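Structural description and commentary
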4 protein chains.
Amino acid sequence: MNDERLQQLQAYANRLFAGMLGIRLIEAAPERVVAEVVVRDDLCTVPGIMHGGAIMAFADTLGAMGTSINLPPGAGTTTIESKTNFFAAGKTGEAVRGECTPLHRGKRTMVWQTRVTGQDGRLLAMVTQTQMVLEPPG
Amino acid sequence: MNDERLQQLQAYANRLFAGMLGIRLIEAAPERVVAEVVVRDDLCTVPGIMHGGAIMAFADTLGAMGTSINLPPGAGTTTIESKTNFFAAGKTGEAVRGECTPLHRGKRTMVWQTRVTGQDGRLLAMVTQTQMVLEPPG
Amino acid sequence: MNDERLQQLQAYANRLFAGMLGIRLIEAAPERVVAEVVVRDDLCTVPGIMHGGAIMAFADTLGAMGTSINLPPGAGTTTIESKTNFFAAGKTGEAVRGECTPLHRGKRTMVWQTRVTGQDGRLLAMVTQTQMVLEPPG
Amino acid sequence: MNDERLQQLQAYANRLFAGMLGIRLIEAAPERVVAEVVVRDDLCTVPGIMHGGAIMAFADTLGAMGTSINLPPGAGTTTIESKTNFFAAGKTGEAVRGECTPLHRGKRTMVWQTRVTGQDGRLLAMVTQTQMVLEPPG
């Protein structure tokens, strides 16, 4: 992926709810989307501990991006279901990394899995989500 | 549940990431937690459409609250897994309601289900999450 | 639903893997499918305890049936994802009941939830599954 | 893992509901459990197509085995939740392979992921399950 496409996606990530999370895109290719979020106090559930909802929102954004890179022209996407297992806590000040790869890229649905890790590489969460492919109106 | 307890939980909901969501608690009883979030632009994924991550974070907060109301003294809780199905979009300006009820309240885990509805009562999402009960250090 | 339709679905339930489970259909309407399985030794994981896989297969069959009742003529369905929470064990000799109701019945997907209970009414498992609606070839 | 342990687990797999599936263990180590099931007609949902419930039961058995290999002496395990995404159909006569690896092995829970593939290597399903670790009575 060239720098221009990465910048377009970063602009998307800067907006609205995704923007509040402070997602920094590192890589965005058809086979892999990688990004980081630095854990601020206002992303925490109790002081010092990243909110599980912030982790799920981070991953959801990456899965939607991964899908959008693979869509045919004019098509859109929406998340129809998402499943997360949590293993360890993200900590304030830490750069939490999400690496999102496809399990399935079909015509009707795509399924992406995001591996969320802490700065030391420990596994914080695994998120698997299904994206519906929305055809452009005929 | 008396007003004092509701105020304590509202204070909890006002903090940090939950605070960013703008959760307004309506009812918080051992059998049921009900709350609302008004969809602001900065909770959206594209303009006008509530971010799925904001819905998941909203529900996660309610499930943790429901569990905390049922914990024995000194115990804590953490979400170990969460599953969401999405059915319809929340819209900007709309008061989205979450009603969270227990499927299971055991010694080691509790499982809560949050029904997320729009202002007109249509079902937006269903979230099921497992909370681990963390015993106080012996 | 008339008796003839129930008998057709029961014939479906008697075949192949569903037949091995011994599913007995009690009700099959567009809004609700109810059935029972008596726990035999060969449906157990350890002697006396129903295998979680048998519970998931039971529910999967009901969700597919519920969808098929609601399909337009010529359409088919396949399960694209399924999530189960387990709460208590089914016991040998017990008639385990599944009650399957829709959360969503759309043109592209349907989502069904099956409440699995023991003979005394205790909740054994909750299964939520997404069925893809497969249009007939054009 | 020595042959004796593999034979013990195979004997476990031959019993009851797992026995009906015809699971053949190939490898059973603390980091990985691999097994095969040949798709018979009575494991199908419609003729020729493996029942999703059979896939979930197969994976559930492998995740329980992987956990049991890692348990401390005297401890037991039970599945508390399981999530499956389905991608393609297993076909009659085909040897379907499950490769089950841990995402998390903790004191209270273990989480295992089973990659289910067809004989040609295509991905049929991905199953993620949480096992509760049950301490021996004190």
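Residues numbered from 1 in each chain as written. Chains lettered and ligands numbered in written order. Predicted model: local features only at pLDDT ≥ 70, side-chain atom pairs only at ≥ 80, totals over all residues.

**As for the overall build of chain A**
On a plain count of helices and strands, chain A comes out with three helices and eight strands. For chain A, the succession of helices and strands along the chain, N to C, is α-α-β-β-β-β-α-β-β-β-β. Against the 2.2 N^0.38 benchmark of 14 Å for 138 residues, chain A shows a C-alpha radius of gyration of 15 Å, consistent with a compact globule. In terms of its C-alpha atoms, chain A occupies a principal-axis envelope of roughly 50 × 30 × 25 Å. Nonlocal contacts in chain A, meaning residues at least 24 apart in sequence, comprise 60% of its contacts between residues at least 6 apart. (Helix = DSSP H or I, 4+ residues; strand = E, 2+ residues; numbered from the N terminus. Rg over C-alpha atoms; globule rule 2.2 N^0.38 Å. Contact = placed C-beta atoms within 7 Å.)

**Looking at the sheet that holds strand 7 (residues 109-117) of chain B**
In a beta sheet, neighbouring strands are held together by backbone hydrogen bonds and run either parallel or antiparallel to one another. Within the open sheet, the 12 strands sit side by side as 1(A)-2(A)-6(A)-7(A)-8(A)-5(A)-5(B)-8(B)-7(B)-6(B)-2(B)-1(B). Their pairing is antiparallel. Looking at strand neighbours, the two that pair on one side only are strand 1 (23-29) of chain A together with strand 1 (24-29) of chain B, the edges of this open sheet. Neighbouring strand axes in the sheet, compared pairwise and without regard to direction, differ in orientation by 20 degrees on average. Relative to strand 5 (residues 76-86) of chain B, strand 5 (residues 76-86) of chain A runs antiparallel, the two sharing five bridges. From the neighbouring strand, N85(A) faces strand 5 of chain B, where its bridge partner is E81(B). (Pairing = 2+ DSSP bridges. Axes fitted to C-alpha atoms, helices over the stretch in contact; angles between N-to-C directions.)

**Some remarks on the packing of helix 3 (residues 52-70) of chain C against helix 3 (residues 52-70) of chain D**
Between helix 3 of chain C and helix 3 of chain D, the least distance of the axes is 8 Å, while the angle of their chain directions is 160 degrees. Here helix 3 of chain C lies roughly antiparallel to helix 3 of chain D, going by the angle between them. Note on packing geometry: the crossing formed by helix 3 of chain C with helix 3 of chain D is right-handed. Contact residues: G52(C), G53(C), A54(C), M56(C), A57(C), D60(C) and T61(C) in helix 3 of chain C; G52(D), G53(D), A54(D), M56(D), A57(D), D60(D) and T61(D) in helix 3 of chain D. In terms of residue class, the contact of helix 3 of chain C with helix 3 of chain D is built from six nonpolar, six polar and two charged. (Parallel < 35°, antiparallel > 145°, perpendicular 65-115°, else oblique. Left-handed = near helix turned anticlockwise from the far one by under 90°. Nonpolar A, V, L, I, M, F, W, Y, C, P; charged D, E, K, R; others polar.)

**So, the interface of chain D and chain B**
Counting residues at the interface gives seven residues for chain D and seven residues for chain B. Every element with two or more residues in the side of chain D that touches chain B is listed here: strand 5 (76-86) and strand 8 (123-134) of chain D. When residues in the side of chain D that touches chain B are grouped by element, the largest group, three residues, is from strand 5 of chain D. Grouping the amino acids of the side of chain D that touches chain B by side-chain chemistry returns two nonpolar, two polar and three charged.

**So, the relation of the copies chain A and chain B**
Rotating chain A by 180 degrees about the axis while translating it 0.0 Å along that axis superimposes it on chain B, leaving an RMSD of 0.0 Å. On this basis, the relationship between the two copies can be described by a two-fold rotation axis. In terms of proximity to the rotation axis, the leading residue of chain A is K83(A), whose C-alpha is 2.2 Å off the axis. By residue overlap, the copies meet face to face through one surface: 100% of the interface positions of chain A are interface positions in chain B. (Least-squares fit on C-alpha atoms with pLDDT ≥ 70 in both.)

**Notes on the interface of chain A and chain B**
Interface size is commonly expressed as the accessible area that is lost once the parts come together. If you look at the interface, chain A gives 24 residues, while chain B gives 24 residues. Those elements giving two or more residues to the side of chain A that touches chain B turn out to be helix 2 (16-21), strand 3 (44-46), helix 3 (52-70) and strand 5 of chain A. Sort the elements by how many residues they give to the side of chain A that touches chain B and strand 5 of chain A lands first, with eight residues. By residue class, the composition of the side of chain A that touches chain B is 10 nonpolar, nine polar and five charged.

**Quick notes on the sheet that holds strand 6 (residues 95-105) of chain D**
Strand order in the open sheet made by the 12 strands is 1(C)-2(C)-6(C)-7(C)-8(C)-5(C)-5(D)-8(D)-7(D)-6(D)-2(D)-1(D), with antiparallel pairing throughout. On the outer flanks of this sheet lie strand 1 (24-29) of chain C together with strand 1 (24-29) of chain D, each paired with one strand and no other. Taking each pair of neighbouring strands and ignoring which way they run, the sheet shows an average axis angle of 20 degrees. Two strands pair when backbone bridges link them, and strand 7 (residues 109-117) of chain C and strand 8 (residues 123-134) of chain C are joined in this way by nine bridges, in the antiparallel orientation. Along strand 8 of chain C, the bridge assignment pairs V116(C) with A125(C).

**Considerations on the environment of G22(C)**
Residues and elements named next belong to chain C. Here G22 lies in the loop between helix 2 (16-21) and strand 1. Under the C-beta neighbour-count criterion, G22 is labelled partly exposed, with 17 such atoms within 10 Å. Separated by 104 residues in sequence, G22 and M126 place their C-alpha atoms 20 Å apart. Beyond its immediate chain neighbours, meaning those up to four positions away, G22 contacts V37, V38 and R40. (Buried ≥ 20, exposed ≤ 12 C-beta atoms within 10 Å, placed from the backbone.)

**Overview of unusual backbone geometry**
Residues and elements named next belong to chain B. Its identity is not glycine, yet L16 carries a phi of approximately 55 degrees, on the positive side. With respect to the element layout, L16 can be found in helix 2 (residues 16-21). Given 21 C-beta atoms within 10 Å, L16 falls into the buried group.

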